[in-house]
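So you can see what is in the structure, the chains are spelled out below.
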Amino acid sequence: MNWDVLLTNASLATFVGEASHGLITDAALACLDGKIAWVGAMRDLPEASIATAREVHDLDGALVTPGLIDCHTHLVFGGDRAQEFDLRLNGASYEEIARAGGGIVSTVRATRHASEDELLAQSLPRARALLADGVTTLEIKSGYGLDLETERRMLRVARRIGETLGVNVRTSFLGLHALPPEYKERRGEYVDLVCNELLPALASEGLVDAVDAFCEGIGFSRAETQRVFEHAQQLGLRVKLHAEQLSDLDGAALVAEFHGLSADHLEYLSDSGIQAMARAGTVAVLLPGAFYALRETKLPPVDALRSHGVPIAIATDCNPGTSPLLSLRLAANMACTVFRLTPEEALRGITVNAARALGLSDRGVLDVGKRADFVVWNVRQPAELCYWIGGGLVRQAWLGGVAR
C-alpha cells in the first residue's frame, strides 16, 4: 500500500462505536491524502504495507487518539481581567462586577482599542498553548467588539489564527454577548443592529460559521435571542447558545427548537430543556473552567443528560474573565473530578461529541475516510489523559496527515 504515513504498534482509542474508548491494542493506522486510509489490528495489516508506505512510525505501544477539539472558546480579546479575579476572591460576585462596568464590557473596551495585528499577537500564544496540549480544531467566538468594525476584526483574527498555525478554526458570531455602553438605554436598537446590520454583513464576508448568544439575566432575554436565531436561520447559519449558566431562562429548549448545534454551560438546565435537547440532537457543552473560576456550587444535571441520551461535550471556554483556561486536557480532568464524568465520557467530550457540537462529521474519531487529525501521546492508557493534572503529554500531533 502506497500510504503517506503508517503508524504501527500503537494503541488506538478510536471512539468508534460504544465499546470502551473504541480501543484497539497492538494496532496500526495509515493515512493517504490527508485522510485516514486504514485502521485495524497489526495482525490484519496488508502484506508489504510497511515496505511501501512513504513514512513508517513504530510507536512501541503508545496511545493514539483523534485530535482534540475545543468547541467553545473566546480566545480573541484585548487585555486581561486579572483584577476581577482579585475582586471575586475578595467577595464580589460575577453579577456585581458586570453591573459596575467590569466583566464583558471591560474587555470590549480593550478589544476596541486593539488593532487587528495587536489582537493577533495577543491571541496567538493562547492558541499555541491549546495546540501544544493536543487540540487540532477549535472554535473561536466574537462578542468583545459589539460594533461592526471590531466584530469583523475579531473574526478576521480568528481566521488568521487558523492560517498562521495550520489549525482548523470555526467561528461563531456572538453579537448578543453584552449590551455595549453606547446602547445602555437602547436595548431594542442594539438587537435591531445585530439582526439587520452586523450579522448580515459579517455572514456575507464569509466570517461566520455559526451564531451564538448569551441568554441570561445579565445578558439577553429569550425573546431577543429568538430574534437573532430567526435571522441566522434565514441566512442558512446554525445556532448555539450560552444557556442556563446562572438561571433558567429556558434557553436550551429555545436552541433545540432551532435544531441548534449545542447549548453550553447548563448548570440550571431543567428536565424539560434536557428533553428538548434530546429530541433535537443538540449537544450539551459543559464548561468546568468557568464553574471552577466562578466558584459555582450548582452542578449541571449530568445524570439526567445521561439518562436522556444527550451527547456531552467538554470545552475550555477560554476567556479573559471567567475561564482563563489554556488546556483542554485540564478541562477534561475538571469534568471528571468536579462534574463526575468518567474518563471515557470526558474524552468523548473533547473528540467525537465536540466535533458534533461544531457540526463537523469528518473528525473526532479514528475511522477510514475521516480527516487524519490525531495525536500520539506519551501514555499507554486513555484514562491517563484525564488522570495527569498538567504536564506535556503530547509526543506528536498530526493535522490532515501532516506532522505539526
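Residues numbered from 1 in each chain as written. Predicted model: local features only at pLDDT ≥ 70, side-chain atom pairs only at ≥ 80, totals over all residues. Heavy atoms only, no water.

Q: Which parts of the structure should I look at to understand unusual backbone geometry?
A: The phi torsion of most residues other than glycine is negative, and most of the peptide bonds are trans. Located in the positive-phi region is His 265, a residue other than glycine, with phi close to 90°. Of note, His 265 is situated in strand β11 (residues 262-265). Looking at His 265, the relative accessible area reads 3%, which means it is buried. Positive phi values are uncommon outside glycine, yet Asp 317 reaches one of about 60°. Here Asp 317 shows up in the loop between β13 (312-314) and α13 (328-337). Assessed through its relative accessible area of 2%, Asp 317 is described here as buried. (Helix = DSSP H or I, 4+ residues; strand = E, 2+ residues; numbered from the N terminus. Buried < 20%, exposed > 50% of the residue type's maximum accessible area, 1.4 Å probe, protein only.)

Q: Got a minute to help me understand the packing of helix α7 (residues 187-204) against helix α8 (residues 222-234) in this structure?
A: To describe two helices that pack against each other, one gives the angle between their axes and the distance between the axes. Packing of α7 against α8 leaves a shortest axis separation of 10 Å and a crossing angle of 15°. Considering their axes alone, α7 and α8 lie roughly parallel with respect to each other. Helix-helix and strand crossings are classified by hand; for α7 and α8 the assignment is right-handed. Facing α7, whose interface residues are Arg 187, Val 191, Asp 192, Val 194, Cys 195, Asn 196 and Leu 199, α8 presents Glu 224, Arg 227, Val 228, His 231 and Ala 232. For the contact of α7 with α8, the residue count by class is six nonpolar, two polar and four charged. (Axes fitted to C-alpha atoms, helices over the stretch in contact; angles between N-to-C directions. Parallel < 35°, antiparallel > 145°, perpendicular 65-115°, else oblique. Left-handed = near helix turned anticlockwise from the far one by under 90°. Contact = heavy atoms within 4.5 Å. Nonpolar A, V, L, I, M, F, W, Y, C, P; charged D, E, K, R; others polar.)

Q: What is the right way to look at the state of the cysteines in this model?
A: A covalent bond between the sulfur atoms of two cysteines is what we call a disulfide. Per the stated rule, a full pass over the model turns up zero disulfides. The thiol of Cys 318 is not disulfide-bonded; the next cysteine sulfur, from Cys 71, is found 13 Å away. Cysteine Cys 386 shares no disulfide, and the gap to the nearest cysteine sulfur, in Cys 336, comes to 4.1 Å. Look at Cys 386 and you get buried, because its relative accessible area is 5%. (Disulfide = S-S within 2.5 Å.)

Q: Got a minute to help me understand the UniProt feature "binding site: 4-imidazolone-5-propanoate" (unreviewed entry) in the chain in this structure?
A: With numbering aligned to this structure, UniProt lists the feature "binding site: 4-imidazolone-5-propanoate" (unreviewed entry) at Arg 81, Tyr 144, His 177, Gln 245 and Thr 322. A relative accessible area of 5% means that Arg 81 is categorised as buried. There is a polar contact of 3.3 Å between the side chain of Arg 81 and the backbone oxygen of Gly 103. Tracing the backbone through its elements, the reader meets Thr 322 in the loop between β13 and α13. Thr 322 sits in the buried class, given a relative accessible area of 7%. Here Thr 322 is in contact with Tyr 94, Gly 289, Ala 290, Ala 293, Leu 294 and Asp 317, once residues within four sequence places are set aside. (UniProt positions renumbered as here; feature names shortened; annotations may be inferred. Polar contact = N/O pair within 3.5 Å; in protein donor to acceptor, adjacent residues only side chain to side chain.)

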